[in-house]
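Fold and geometry: a report
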Amino acid sequence: MVLHATWSADVEFARRLDRQTADAVTPGAGLLRGLTSPAFSEPARAAEELHLAVGEYGFKGVTIASSAAGTPLDQPEFDEMFAVCEELGLFIFMHPTTAGDRAELGDYTLLQLVGWPFEATLPVARMIYTGLFERRPDLKLLLAHGGGTLPWRAGQLNLGYLAPD
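Residues numbered from 1 in each chain as written. Predicted model: local features only at pLDDT ≥ 70, side-chain atom pairs only at ≥ 80, totals over all residues. Heavy atoms only, no water.

A few words now on the overall build of the chain. Looking only at helices and strands, the chain has 6 helices and 4 strands in total. Its helices and strands in sequence order give the chain the pattern α-β-α-β-α-β-α-α-β-α, from N to C terminus. Burial statistics for the chain: of 165 residues in total, 41% are counted as buried. Counting only contacts in the chain whose residues sit at least 6 apart along the sequence, the fraction spanning at least 24 positions is 77%. Of the roughly 9,300 Å² of accessible surface on the chain, 59% is carried by carbon and sulfur atoms. (Helix = DSSP H or I, 4+ residues; strand = E, 2+ residues; numbered from the N terminus. Buried < 20%, exposed > 50% of the residue type's maximum accessible area, 1.4 Å probe, protein only. Contact = heavy atoms within 4.5 Å. Areas by Shrake-Rupley, 256 points an atom, 1.4 Å probe, with all protein chains shown as cover.)

Dropping the structure here:
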């Protein structure tokens, strides 16, 4: 399965990003570290590519967007990638993407103030509800923008999660 590549790297592009990242941090003589970029548009190959990037460049983490070309990250095709992150002890830095085109977010910096916090919250809420963190208890996830609205929604999300169907 190959997803539409908008806002999502294929293997070739991910490899170029990783090479450029390695080139940028190498002069730091160990003081700088890079993050690998998974091939989200080719989820069947993403896990293998993580192994290659970590082996070749020594990356300690992964940088991901909050969706893969609009596909939620809690979908089964990404589970192997999360398994590799857990197995290798990689931390995952998630930064929101702009998944929708909403003209009203274009005013007053509302995209950054409202849209991105929402885009940081939604994928993690979905990961919670689909049991990703129960299947992968050792995942290390770092969220940009203070975790979006998760710190304020944690109680409600927990109540919803525990509520009977």
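Right, let's get into unusual backbone geometry. Backbone geometry at Ala 29 places phi at a positive 50 degrees, although glycine is not the residue there. Along the polypeptide, Ala 29 turns up in the loop between helix H1 (11-25) and strand E1 (35-36). Positive phi outside glycine occurs at Tyr 108, with the angle close to 60 degrees. With respect to the secondary-structure elements, Tyr 108 resides in the loop between strand E3 (91-95) and helix H4 (110-129). Taking relative accessible area as the criterion, Tyr 108 reaches 69% and is therefore assigned exposed.

Another aspect to go through is the pattern of salt bridges. Close approach of charged atoms allows side chains of opposite charge to pair. This model, assessed by the stated rule, comprises 8 salt bridges. The residue Asp 79 makes a salt bridge to Arg 135 at a minimum N-O spacing of 3.6 Å. Taken together, the residues span a long stretch of sequence, with Asp 79 in helix H3 (residues 79-88) and Arg 135 in helix H5 (residues 132-135) at a distance of 56 residues. Two residues, Arg 136 and Asp 79, come together in a salt bridge whose shortest N-O distance is 3.0 Å. Residue Arg 136 is found in the loop between H5 and strand E4 (140-143), and its partner Asp 79 is found in helix H3; the two are separated by 57 residues along the sequence. Shared partners join several salt bridges into a network, and the residues in it are Asp 79, Glu 86, Arg 135 and Arg 136. (Salt bridge = Lys/Arg side-chain N within 4 Å of Asp/Glu carboxyl O.)

Contact geometry for helix H2 (residues 43-57) and H3: axes closest at 8 Å, N-to-C directions at 30 degrees. With respect to each other, H2 and H3 are oriented roughly parallel. Across the interface between the two elements, Ala 46, Ala 47, Leu 50, His 51 and Val 54 from H2 touch Glu 80, Met 81, Val 84, Cys 85, Glu 87 and Leu 88 from H3. Tallied by class, the residues present in the contact of H2 with H3 amount to 8 nonpolar, 1 polar and 2 charged. (Axes fitted to C-alpha atoms, helices over the stretch in contact; angles between N-to-C directions. Parallel < 35°, antiparallel > 145°, perpendicular 65-115°, else oblique. Nonpolar A, V, L, I, M, F, W, Y, C, P; charged D, E, K, R; others polar.)

Let's shift gears to the packing of aromatic side chains. According to the stated counting rule, one finds 3 aromatic pairs in the structure shown. For the pair Phe 40 and Phe 78, a centre-to-centre distance of 5.3 Å together with 70 degrees between the ring planes defines the contact as edge-to-face. Of this pair, Phe 40 sits in the loop between E1 and H2 while Phe 78 sits in the loop between strand E2 (61-65) and H3, and the two are 38 residues apart along the sequence. Of the two residues examined, Phe 40 and Phe 78, each falls in the buried class. (Phe/Tyr/Trp six-rings, centres within 6.5 Å; stacked < 30°, edge-to-face > 60°.)

Counting 25 residues, the largest nonpolar core has Phe 40, Ile 64, Leu 73, Phe 82, Cys 85 and Met 94 as the members making the most contacts within it. Excluding residues within four positions of it along the chain, Ile 64 makes contact with Pro 38, Phe 40, Leu 73, Phe 82, Ile 92, Phe 93, Met 94 and His 95. (Core = buried A, V, L, I, M, F, W, Y, C linked by side-chain atoms within 4.5 Å.)

With that settled, consider H2. Here H2 contains 15 residues, and its C-alpha end-to-end distance of 21 Å stays within 8% of the 21 Å for a straight helix at 1.5 Å per residue. The largest bend in H2 amounts to roughly 25 degrees and is located at Glu 49. Where the residues of H2 are buried, they touch H1, E1, E2 and H3. Gly 58 lies just past H2 and shows a positive phi near 70 degrees. (Expected span 1.5 Å × (residues − 1). Bend = angle between axes of the 7 residues up to and from the residue.)

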